[in-house]
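Working through the structure, step by step
Read off the chains here:
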Amino acid sequence: MVDQEEEDLQMALRMSLQPSPPEPKRSKPRETFGDSSEESPEAKNRRLKRELMAAAAEKRMMISKSVSTKATDNKETPVSPKVVTQKTEAARSGHERKEANLGQELSPSDAEQLFLMVFGTGVSKDILAQWCNQGIRFSSDPETCMGLVQHEGGPCGVLATIQAFVLKYLIFCPEESEKSISSMSSQNLALRRISHNAVLKSGDFSSLTEDGKLRALVLSMLEILFLCGSNKRAVIATFGALSNPSFDGSQDGQKDEIIIKALEGLQIESPSDLQKVLRINVHTPGAGAFDHLKAMLPIFQSRLGALLFLISALLSRGLESVQADRDDPSLPLVTAPFGHASQEIVNLLLCGRAVPNVFDGCMDLGGGMSLKGIPTNVEVGFLSLLESLNFCKVGQLLKCPWWPIWVVGSESHYSVLFALDISVQDENELEQRESLVRRAFDAQDQSGGGGFISVEGLHQVLREAKINLPAEKLESLCSSGFIVWSEFWQVLLELDRSLGGLKDSTGLMGKKQFDLYHFNGIAKSVVSGSAGGESPLQRPRLTKLRVSVPPKWTPEDFMKDVSCSSGSNPSGKDGVVEVNQPERSQHAPLVDCIRTRWGRALCTWDGDPPSIV
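Reference entry: report on the structure contained in this document. (Residues numbered from 1 in each chain as written. Predicted model: local features only at pLDDT ≥ 70, side-chain atom pairs only at ≥ 80, totals over all residues. Heavy atoms only, no water.)

1. Section: the overall build of the protein
Each helix and strand in the protein was counted, giving 24 helices and 15 strands. Classification of the 613 residues of the protein by burial places 46% in the buried group. Taking the contacts inside the protein whose residues are at least 6 apart along the sequence as the reference set, 68% of them involve residues at least 24 apart. Per element, the accessible surface of the protein, about 30,600 Å² overall, is 52% carbon and sulfur. (Helix = DSSP H or I, 4+ residues; strand = E, 2+ residues; numbered from the N terminus. Buried < 20%, exposed > 50% of the residue type's maximum accessible area, 1.4 Å probe, protein only. Contact = heavy atoms within 4.5 Å. Areas by Shrake-Rupley, 256 points an atom, 1.4 Å probe, with all protein chains shown as cover.)

In structure tokens, the structure reads:
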């Protein structure tokens, strides 16, 4: 009887391995021993037990087959329900990740809102062509290899802002890891200064490696996208024909061929065109976002790269949030008639908000109306030629960013200004000292604005400003019974800094000197090659400027007095005569932009003047 039970069980196991039977089947007709009508209760119980065992065996084998569990020695291997659940969930998760990599489609309504928000109604084919033919690619020219090349006029605002962040990573954060994407803001500035790229101290960008540049580009793009997504998410927009596992696993050369073939004849001229081809992936902070964007980078290097990145930034922020940021959401973000990126686009990429103005905070107009400006500190800043023409006022948040890098805006173009030394943003120590002493002096001025104080007031100023005047200097100042600011200031200029004065052994007397670099990404034809075979080369423009900023207390009339007072000494007082000496200076519209950040700046350069158009 036991042998019969074993045979029935094994037959049930074998039958359960058959592919997807319509119904559970028994292994073979049951054999009865004797007349079934005369079956004893004991035999009936054994028969029912065999049937239950066979049914249970079939069920277990159905489960074990789904997780590839093998039977050994014709005996069933038990499968833990917990293991089955874990493996099933893992398979489901992998399927979901595969589906996510393919990207999500935009709904027709979202695609229409996005297209109209960017281009408006009645956009010209020329503007669409500008935005559909600009990739995010580095220059092949060794001198400007750290820069992104621009071929079309419209997307310069997008390229210049990405360029500013790329320079941040190349110069100041060369060791930044993709693991720190979730905390990219410069909360610990002191630690970040340590990782300065010493190789670029000389301004030789030809030493940069391709891997280093591409890594900086991916980190820059991700930082901007997460900034737009309030550091909670980043949306990466690609095209459906390219958002698939086969593309993701292809070699770079193969990817380029796939992209060229996929984009052949593709035009984006309407919301429906956008909806048909656009796919989006949403990422939270982490290395997964870095890996995905790195794999998709050839798509952003293609002719649709600048447009895709703008769309990614807008979707990261959220279309409704973008419209809420703006003062007039009825206007398109790409301005007519030339298709330039608006200030709202640049501000979105700089600070994560599509505000239209460049002043700090909000401006209350009364009656419940306000104008929106920059809400917080920024990593890279912004300077505008329009400020020098009194058309706008750039706030300190954009003028004094974490890093000495600025997007420069003119009437029709965006370019980038940067320094290799973070100290260019340091406050002038002597100017700070002058401000402190002046405040202390004015607090003792009881003349109603006459500019003089009493002897007792002078002693109070000396105590507050920690000035140690020699006895003869003090006696000379106090001889008339009152002290005039100009006389007191002259004494401080001649008093050594160790005694609380402003005499500078370097001879600069508070003058700052530093170098700035200006990069214009628009490709310009230049002649290269030997005399025997010169050929035109399309390359961006990089200009090094030597900047000298005199201290604010050197107006011409005051410095005449200073130079006259030093006339008795043929060699002049240390620093006094040198400050008054005229310096050679050159002028270009960029200099006017620089002077909105450093007033009275004098600039010189070699070769062609820097161009901001």
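2. Re unusual backbone geometry
Here Ala336 and Pro337 are connected by a cis peptide whose omega angle stands at 5°. Phi is positive for Ser230, close to 55°, though the residue is something other than glycine. Note that Ser230 resides in the loop between helix H8 (210–228) and strand S2 (234–239). Looking at Ser230, the relative accessible area reads 34%, which means it is partly exposed. The phi dihedral of Arg600 is positive, around 65°, even though this residue is not glycine. With respect to the helices, strands and loops of the structure, Arg600 is situated in the loop between helix H24 (589–597) and strand S15 (602–605). Classification of Arg600 by relative accessible area gives partly exposed; the value is 41%.

3. Focus on the environment of Pro155
Turning to its location among the elements, Pro155 is positioned in the loop between helix H5 (125–131) and helix H6 (156–172). By relative accessible area, which is 0% here, Pro155 ends up buried. Each C-alpha atom, one on Pro155 and one on Ile127, is 9.9 Å from the other, the two residues being 28 residues apart in sequence. Among residues more than four places away in sequence, those in contact with Pro155 are Gln130, Trp131, Gln134 and Ala306.

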